[in-house]
Amino acid sequence: MPYVPFNNVLSDADVALLRALGRAADDAGVRLWAVAGVVRDALLGSAVVDIDLASETPAAELGPVLAASVGGTIAKLTTFGTLNLRVGERKFDLATARAERYAHPGALPEVTPTDISSDLARRDFSVNAMAASLAPDDFGKLVDLHGGLADLSARRIRALHADSFQDDPTRQLRALRYAARLRFRIERRTSIWMRRDRHHLRALSPARARHELELLVDEPT
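Residues numbered from 1 in each chain as written. Predicted model: local features only at pLDDT ≥ 70, side-chain atom pairs only at ≥ 80, totals over all residues. Heavy atoms only, no water.

1. Brief notes about the environment of Gly-71
Move 1: By the secondary structure assignment, Gly-71 is in the loop between α4 (59-70) and β3 (73-74).
Move 2: On the basis of relative accessibility, which here comes to 63%, the residue Gly-71 falls in the exposed class.
Move 3: Taking C-alpha positions, Gly-71 is 35 Å from Pro-220, a pair spaced 149 residues apart along the chain. (Helix = DSSP H or I, 4+ residues; strand = E, 2+ residues; numbered from the N terminus. Buried < 20%, exposed > 50% of the residue type's maximum accessible area, 1.4 Å probe, protein only.)

Next comes the structure, spelled out in structure tokens:
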């Protein structure tokens with residue numbers, strides 16, 4: 001399994017912080033991963049803006065340990081078990097690995113704690129369903145259970161399962177956003193599922209729809 005080249009896209013200070021956080025988690029008997037966009041962008045050699053972290057240990061428990069280890073501060077825990085960890089000018093989002101269940105299209109998910117494999121499986125697209133270990137013994141080792149690396153190489157956006165856009169209709173707008181930003185094409189089956197489920201966009205609250213549209217029009221491309 002390949003390693004994620006954080007050194008190519010992050011500053012030395014950011015890489016040192018990731019290593020320090022990984023060591024602190026390891027000292028506490030916990031595995032810590034970088035997940036989603038930071039892994040995708042590092043593999044693409046693109047600039048990294050946000051750094052998302054995940055652990056199977058609740059963020060509310062692990063966050064204070066990590067903050068104390070690097071002289072950081074933490075912000076309020078969100079509904080979905082995520083908190084903000086700030087170290088100087090750098091902000092990390094620390095999430096509890098979770099599974100999601102949707103009562104109906106457009107509903108916010110009901111979340112339950114889970115392992116990292118199940119957490120990756122509930123994500124939107126294969127290119128966002130990868131993780132990198134931050135443990136000292138295998139720092140940067142890629143976890144790719146859904147073919148995300150192959151889809152990066154093929155420059156395609158691919159949903160993980162046929163019900164993805166029913167679970168969360170905002171993923172339809174997100175697919176367009178990522179395709180525009182990365183200059184990727186939307187994979188054929190994913191495109192079919194989007195067309196089939198486009199009517200579920202009507203189930204979104206105005207606030208959620210507006211948020212996704214604002215993100216879409218903010219894209220430089």
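2. A few points about the packing of aromatic side chains
Move 1: For the structure shown, the criterion picks out three aromatic pairs.
Move 2: Their ring planes at 55 degrees and their centres at 5.9 Å tell us that Phe-6 and Phe-139 sit as a pair that is tilted. Pair noted here: Phe-6 is in helix α1 (residues 6-9) and Phe-139 is in the loop between β8 (130-133) and β9 (142-144), with a separation of 133 residues, a long-range link. Comparing Phe-6 with Phe-139 shows no difference in burial state: the two are buried.
Move 3: For the ring pair Phe-125 and Tyr-178, a centre distance of 6.1 Å and an interplane angle of 85 degrees mean the geometry is edge-to-face. Residue Phe-125 is located in the loop between α5 (116-121) and β8, and its partner Tyr-178 is located in helix α8 (residues 170-182); the two are separated by 53 residues in the primary sequence.
Move 4: By relative accessible area, Phe-125 is classed as buried at 0%.
Move 5: Residue Tyr-178 is classed as buried on the basis of its relative accessible area of 11%. (Phe/Tyr/Trp six-rings, centres within 6.5 Å; stacked < 30°, edge-to-face > 60°.)

3. Examining helix α2 (residues 12-27)
The α-helix winds at 3.6 residues per turn, so residues separated by three or four positions along the chain end up facing the same way.
Move 1: In this model, α2 (16 residues) spans 22 Å end to end at C-alpha, consistent with the 22 Å of a helix rising 1.5 Å per residue.
Move 2: Taken together, the buried positions of α2 are Asp-14, Val-15, Leu-17, Leu-18, Ala-20, Leu-21, Gly-22, Ala-24 and Ala-25.
Move 3: Its buried side turned inward, α2 meets α1, β1 (32-35), β2 (51-55), α4, β4 (82-87) and β5 (90-96).
Move 4: The positive-phi residue at the C-terminal boundary of α2 is Gly-29, with phi of around 75 degrees. (Expected span 1.5 Å × (residues − 1). Contact = heavy atoms within 4.5 Å.)

4. Quick word on helix α3 (residues 37-44)
Move 1: Burial of α3 is extensive: six of the eight residues sit out of reach of the surface.
Move 2: Where α3 is concerned, the buried positions are Gly-37, Val-38, Val-39, Arg-40, Asp-41 and Ala-42.
Move 3: Looking one or two residues past α3, Gly-45 carries a phi angle of roughly 75 degrees, positive in sign.

5. Overview of the sheet that holds β4
Move 1: The seven strands are arranged β3-β4-β5-β2-β1-β8-β9 in an open sheet whose pairing can be described as mixed. Every other strand in the sheet has two partners, leaving β3 and β9 as the edge strands with one partner each.
Move 2: Note that β8 and β9 share three bridges and pair antiparallel. Along β9, the bridge assignment pairs Ala-131 with Val-143. (Pairing = 2+ DSSP bridges.)

6. Some remarks on the pattern of salt bridges
Move 1: Here the structure, examined in full by the defined rule, presents 16 salt bridges.
Move 2: A salt bridge links Asp-41 to Arg-40, with the shortest nitrogen-to-oxygen separation between them at 3.0 Å.
Move 3: Note on Asp-41: relative accessible area 10%, which makes it buried.
Move 4: Notably, a salt bridge pairs Arg-177 with Glu-212, separated by 3.3 Å at the nearest N-O pair. You can see Arg-177 sitting in helix α8 and its partner Glu-212 sitting in helix α10 (residues 206-218), a full 35 residues away along the chain.
Move 5: On the basis of relative accessible area, Arg-177 is assigned to the buried category, the value being 8%.
Move 6: Residues participating in the shared-partner salt-bridge network are Asp-124, Asp-168, Arg-174 and Arg-208. (Salt bridge = Lys/Arg side-chain N within 4 Å of Asp/Glu carboxyl O.)

7. Some thoughts on the nonpolar core
Move 1: Core analysis: the biggest nonpolar cluster contains 48 residues, and Phe-6, Leu-18, Leu-32, Leu-53, Leu-66, Phe-92 and Ile-157 have the highest contact counts within it.
Move 2: Among the nonpolar cores identified, the runner-up in size contains seven residues, and Trp-33, Val-35, Ala-36 and Ala-131 belong to it. (Core = buried A, V, L, I, M, F, W, Y, C linked by side-chain atoms within 4.5 Å.)

8. Here we look at the pairing of β5
Along any regular strand the residues' side chains alternate between the sheet's two faces.
Move 1: Buried residues dominate β5, accounting for five of its seven residues.
Move 2: The pairing of β2 with β5 spans five bridges and is parallel. Along β5, the bridge assignment pairs Ala-54 with Ala-95.
Move 3: Looking at chain direction, β4 and β5 are connected through six bridges and run antiparallel. Its bridge partner being in β5, Leu-85 is matched across the sheet by Phe-92.
Move 4: Here β4 hands over to β5 after two residues, with Gly-88 in that stretch at a positive phi of 65 degrees.

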